Amino acid sequence: MAVGFLGTGSYLPERVVTNSEIAGLVTDATPEWILSRTGIETRRWAAPDEATSDLAAAAARRALKHAGLPADRVDYLIVSTSTGDFPQPPTACLVQRLIGAHAAACFDVNAVCAGFVYAVELARSLVAARPGTHALVIGADVYSRILDFGERRTSVLLGDGAGAAVLGKVPEPAGILAVDLSSYGEAQDLIKVEAGGSRVPTTARTVAEGGHYFTMRGRQVRDFVMDTLPPLLDKLVTNAGLTLADVDTFVPHQANGVLLRQLVDRCGLSGAHTHLVVDRYGNVGSASVPVALDDAVRSGRVAAGDVVLLAGFGGGMSVGACLARWSA
């Protein structure tokens, strides 16, 4: 037996934010400019009474239903987020209470938009070490509350959402084939929220100066992704005894639609189906990969036996990729 995906689920808030609406909030942006630069037409924003744990719990319930697993059978509950409900306790513990996963060990992972793949590898290792166990992995973020609308290149990209997957034992040859996790601390300043931690604690001044907003150096991030991801993916599939031509479905972090089209060509994945939801949901941070994966599964784009490649990249800088033969 191997460890693989038993089910997926996702949740997007009800509020749809169009390019016309966000252009009214952002300095020097038009709907046409947003679409041409990002490939995004709409994104979702959480309701005022919705927090990250609420989105995560909704996605978790759907993943558990898809897997046919009751919440009390979850042994590990891992939430990947960089916008948790609170600095502490872990958002995973809040999700545990909401869904009734009382037997689970719960913790959070923060590798920003690469975090879901990091959490999948942690879950795989835990389930492999203890036969008969199950892990629930969730990526969830609420970025709409930390956007600087004076910075058009970033604020038009981001939305809110959650995606989840259940991992457990599956019959070979299905299962997770290979994982690669890489971090590049020398580039840690490319994506960040500067204030609110121990180095720059929250004060009236940090709030007034916008220190709690999400910031990103877009051009440098693009260059980093284009230079770093292609050789990493090539190494990953080679280590699994496959080639990029064997990949049936590619599910990347939904960072920017224009970037992703360029990335597919650079990676040599034009022969695979690249599953995109960025046009509908925008960049939903750590939720991007699991939301797109769930959409691919439920739309019939992923079938048993397919080789699926997941790739996340985000602040840190952090990169994570997972190659799996689908079983669910």
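Predicted model, so just to flag it, every value in this text is computed and none were measured.

The rules we used
Residues numbered from 1 in each chain as written. Predicted model: local features only at pLDDT ≥ 70, side-chain atom pairs only at ≥ 80, totals over all residues. Heavy atoms only, no water. Helix = DSSP H or I, 4+ residues; strand = E, 2+ residues; numbered from the N terminus. Rg over C-alpha atoms; globule rule 2.2 N^0.38 Å. Buried < 20%, exposed > 50% of the residue type's maximum accessible area, 1.4 Å probe, protein only. Contact = heavy atoms within 4.5 Å. Lys, Arg positive; Asp, Glu negative; His and termini not counted. Charge placed at Lys NZ, Arg CZ, Asp CG, Glu CD. Salt bridge = Lys/Arg side-chain N within 4 Å of Asp/Glu carboxyl O. UniProt positions renumbered as here; feature names shortened; annotations may be inferred. 1 Å grid on protein atoms, 1.4 Å probe; cavity = no way out; pocket = protein on both sides within 12 Å on 5 of 7 lines; lining within 4 Å. Points joined across faces, edges and corners; volume = space filled by probe spheres on them. Nonpolar A, V, L, I, M, F, W, Y, C, P; charged D, E, K, R; others polar. Domains from an automatic or database assignment. Axes fitted to C-alpha atoms, helices over the stretch in contact; angles between N-to-C directions. Left-handed = near helix turned anticlockwise from the far one by under 90°. Buried area = accessible area lost by both parts, 1.4 Å probe. Polar contact = N/O pair within 3.5 Å; in protein donor to acceptor, adjacent residues only side chain to side chain.

**Looking at the overall build of the protein**
For step 1, the next point in the chain: Along the backbone of the protein there are 11 helices and 14 strands.
For step 2, the next point in the chain: Its C-alpha atoms give the protein a radius of gyration of 19 Å, within 12% of the compact-globule value 20 Å for 328 residues.
For step 3, the next point in the chain: Counting only C-alpha atoms and orienting by the principal axes, one finds that the protein spans roughly 55 × 45 × 35 Å.
For step 4, the next point in the chain: Residues classed as buried in the protein amount to 57% of the 328 residues present.
For step 5, the next point in the chain: Taking the contacts inside the protein whose residues are at least 6 apart along the sequence as the reference set, 78% of them involve residues at least 24 apart.
For step 6, the next point in the chain: Across the protein, the 28 positively charged side chains and the 33 negatively charged ones have centroids separated by 1 Å.

**Quick word on the pattern of salt bridges**
For step 1, the next point in the chain: Scanning all chains against the criterion turns up 8 salt bridges.
For step 2, the next point in the chain: Between Glu-121 and Arg-124 there is a salt bridge; the shortest N-O distance is 2.8 Å. Within this pair, Glu-121 and its partner Arg-124 are both found in helix α5 (residues 115-129), separated by 3 residues, close to a single helical turn.
For step 3, the next point in the chain: A salt bridge links Asp-180 to Lys-235, with the shortest nitrogen-to-oxygen separation between them at 3.1 Å. Of this pair, Asp-180 sits in strand β8 (residues 175-183) while Lys-235 sits in helix α8 (residues 218-239), placing them 55 residues apart in sequence.
For step 4, the next point in the chain: On the accessibility criterion, Asp-180 (10% relative accessible area) is buried.

**Quick notes on the UniProt feature "domain: Beta-ketoacyl-[acyl-carrier-protein] synthase III C-terminal" (unreviewed entry) in the protein**
For step 1, the next point in the chain: Listed under "domain: Beta-ketoacyl-[acyl-carrier-protein] synthase III C-terminal" (unreviewed entry) in the UniProt record, and renumbered for this structure, are residues 239-326.
For step 2, the next point in the chain: Helix makes up 31% of residues 239-326 and strand 25%. Its end C-alpha atoms lie 18 Å apart.

**Structural notes on the side chain of His-134**
For step 1, the next point in the chain: Turning to its location among the elements, His-134 is positioned in the loop between α5 and β6 (135-142).
For step 2, the next point in the chain: With near-sequence residues (within four places) excluded, His-134 lies in contact with Leu-6, Leu-69, Arg-73, Val-74, Asp-75, Tyr-76, Val-127, Leu-167 and Gly-168.

**Quick word on the UniProt feature "domain: Beta-ketoacyl-[acyl-carrier-protein] synthase III N-terminal" (unreviewed entry) in the protein**
For step 1, the next point in the chain: Sequence positions flagged by UniProt for "domain: Beta-ketoacyl-[acyl-carrier-protein] synthase III N-terminal" (unreviewed entry) are, in local numbering, residues 107-185.
For step 2, the next point in the chain: From the first C-alpha to the last, residues 107-185 spans 23 Å; its make-up is 24% helix and 39% strand.

**Quick word on the layout of surface pockets**
For step 1, the next point in the chain: Estimates place the volume of the largest pocket at around 1200 Å³.
For step 2, the next point in the chain: What lines the largest pocket is a set of 36 residues, among which Ser-82, Thr-83, Gly-84, Asn-110 and Val-193 lie closest to the centre.
For step 3, the next point in the chain: Within the lining of the largest pocket, the residues separate by chemical class into 15 nonpolar, 15 polar and 6 charged.
For step 4, the next point in the chain: Residue-level mapping places the lining of the largest pocket at the junction of two domains, with at least three residues from each of domain 1 (2-173) and domain 2 (176-326).
For step 5, the next point in the chain: In terms of lining residues, the second largest pocket is bounded by 26 residues, among which Arg-37, Gly-218, Arg-219, Arg-222 and Asn-256 are the most central.
For step 6, the next point in the chain: Secondary structure elements with two or more residues in the lining of the second largest pocket: α2 (31-38), α6 (152-155), α8, α9 (257-267) and β13 (307-314).
For step 7, the next point in the chain: It is α8 that contributes the most residues to the lining of the second largest pocket, 5 residues altogether.
For step 8, the next point in the chain: Across the lining of the second largest pocket, the residue classes tally to 12 nonpolar, 8 polar and 6 charged.
For step 9, the next point in the chain: Mapped onto the domain boundaries, the lining of the second largest pocket takes at least three residues apiece from domain 1 (2-173) and domain 2 (176-326).

**Some remarks on the packing of α8 against α9**
Any two packed helices are characterised by the angle at which their axes cross and by the distance between the axes.
For step 1, the next point in the chain: Relative to each other, α8 and α9 sit at 35 degrees, their axes nearing to 9 Å. At the point where α8 passes α9, the crossing takes the right-handed sense. Touching Arg-222, Val-225, Met-226, Asp-227, Leu-229, Pro-230 and Leu-233 of α8 are Leu-259, Gln-262, Leu-263, Arg-266 and Cys-267, all from α9.
For step 2, the next point in the chain: Taken together, the residues of the contact of α8 with α9 break down into 8 nonpolar, 1 polar and 3 charged.

**Some details on the domain arrangement of the protein**
For step 1, the next point in the chain: What the domain assignment lists for the protein is domain 1 (2-173) and domain 2 (176-326).
For step 2, the next point in the chain: Inter-centroid distance (C-alpha atoms) of domain 1 to domain 2 is 14 Å.
For step 3, the next point in the chain: With 50 residues of domain 1 in contact, the opposing surface of domain 2 contributes 47 residues.
For step 4, the next point in the chain: Roughly 3700 Å² is buried in total at the junction of domain 1 and domain 2, and carbon and sulfur atoms are behind 66% of that figure.
For step 5, the next point in the chain: The three residues of domain 1 that bury the most area against domain 2 are Cys-113, Val-117 and Tyr-118, which together make up 17% of that side's buried surface.
For step 6, the next point in the chain: Run the count over domain 1 and domain 2 and you get 18 residue pairs in polar contact (both at pLDDT 80 or more).
For step 7, the next point in the chain: When contributions to the side of domain 1 that touches domain 2 are tallied by element, the ones reaching two or more residues are β1 (2-11), α2, β3 (42-45), α3 (52-67), α5, β6, α6 and β7 (160-170).
For step 8, the next point in the chain: Considering each element in turn, the side of domain 1 that touches domain 2 owes the most residues, 7 residues, to α5.
For step 9, the next point in the chain: Considered class by class, the residues forming the side of domain 1 that touches domain 2 number 22 nonpolar, 17 polar and 11 charged.

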